[in-house]
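Here is how the chains run, residue by residue.
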Amino acid sequence: MNMTNTATPELGTIGIWRHYSGISPELAHTIEGAGYGAIWLGGSPPADLASAEEVLDATESIVVATGIVNIWSAAAPEVAESFHRIEKKHPGRFLLGIGAGHPEATQEYQKPYEALVDYLDALDEGGVPIGRRVLAALGPKVLKLSADRTAGAHPYLTTPEHTAEARAILGPDKVLAPEHKVVLDTDPEKARAIGRPPVNNPYLHLRNYTNNLERLGYSKEEIGDGGSDRLIDALVAHGDAAAIAQRLGQHIDAGASHVIVHALPDQADPSTVYREVAAAFL
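Everything numeric in this text was worked out from a predicted model, so none of it was measured.

Quick notes on the rules
- Residues numbered from 1 in each chain as written.
- Predicted model: local features only at pLDDT ≥ 70, side-chain atom pairs only at ≥ 80, totals over all residues.
- Heavy atoms only, no water.
- Buried < 20%, exposed > 50% of the residue type's maximum accessible area, 1.4 Å probe, protein only.
- Helix = DSSP H or I, 4+ residues; strand = E, 2+ residues; numbered from the N terminus.
- Pairing = 2+ DSSP bridges.
- Right-handed = clockwise from strand over helix to strand, strands pointing away.
- Salt bridge = Lys/Arg side-chain N within 4 Å of Asp/Glu carboxyl O.

Asker: It is not clear to me how the pairing of strand S3 (residues 63-66) should be interpreted in this structure. Could you clarify?
Answerer: Each regular strand carries side chains that alternate between the two faces of the sheet. Neither face of S3 is left uncovered, since the one carrying Val63 and Ala65 and the one carrying Val64 and Thr66 both have all their residues buried. Where strand S2 (residues 38-42) and S3 come together, four bridges link them in parallel fashion. Each bridged residue has a counterpart across the sheet, and for Leu41 the counterpart in S3 is Thr66. What joins S2 to S3 is helix H2 (residues 50-57), and the crossover it makes is right-handed. Pairing geometry for S3 and strand S5 (residues 94-99), over two bridges, is parallel. Note that in S5 the partner of Val64 across the bridge is Phe94.

Below you can see the structure in the form of structure tokens.
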């Protein structure tokens, strides 16, 4: 008998995004205590999903999601086995986010849409339920695939305007969980100085993202040379916690079911940011 819970985990309205190597048990406990509904593990976690299991072990009820497992580096059969191991240990608390990554970073990258379809087929064969997986999706074609074959979409480096477009494609009932970078600093120049480098390198040099930003109305000139102030301000919320919460709320107003806080700089301890933003948002 397949004992897997096929229902999509309840993510709540707010989560956090952090590289899978940067979530200690102590930080995971802090995030859960602050009221977040989900922890999204970035940086292409390996197929054994050990990093997700460790965070689940360290917490009581918060959902852990991958944001995202890379289809080129993590074989679907192994990922499916890992999913079932985690599901047996922590039923209903894990959400598998998968994606095709970037052509600039992956030698094997070719025909990503077809590869995603094949990967989803393999997850079907491995018994990973539709309700327990989401796709990294930016463009209309993959957003539609997210609606058809998964619980929904996890867009990265987007704006509330993109969120509105994504909701229109996904329909009313699917998960829509955009990531948004934040800098807790009321000095705009200082905040941009923190936010610009991780946006520029690598994302403003990856065509998946630059194509999406151009679709959203940003010119090649605004995207080039590190990103204009207008672009950085759109992609990195900054100010005090109330201002950041207001910006994150624009995603919810545009149709997001769950918005994901990515505290910058990545190498700093984000505990204070997470606590203050959650207190202002929730």
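Asker: Just to check I follow, could you spell out the pattern of salt bridges for this structure?
Answerer: Side chains that carry opposite charge are capable of pairing whenever their charged atoms lie near each other. Under the defined criterion, the tally for this structure stands at 15 salt bridges. Among the ionic pairs, Glu87 bridges to Arg132, the shortest N-O distance being 2.7 Å. Of this pair, Glu87 sits in helix H3 (residues 76-89) while Arg132 is found in the loop between helix H4 (112-125) and strand S6 (133-135), placing the two residues 45 residues apart along the sequence. Just as Glu87 is buried, Arg132 falls in that class too. The shortest N-O distance in the salt bridge between Glu214 and Lys220 comes to 3.1 Å. Residue class for Glu214 comes out partly exposed when judged on its relative accessible area of 31%. Each member of the salt-bridge network shares a partner with another, and the members are Glu189, Arg192, Arg196, Asp229 and Asp233.

So yeah, pure geometry; function would need other evidence.
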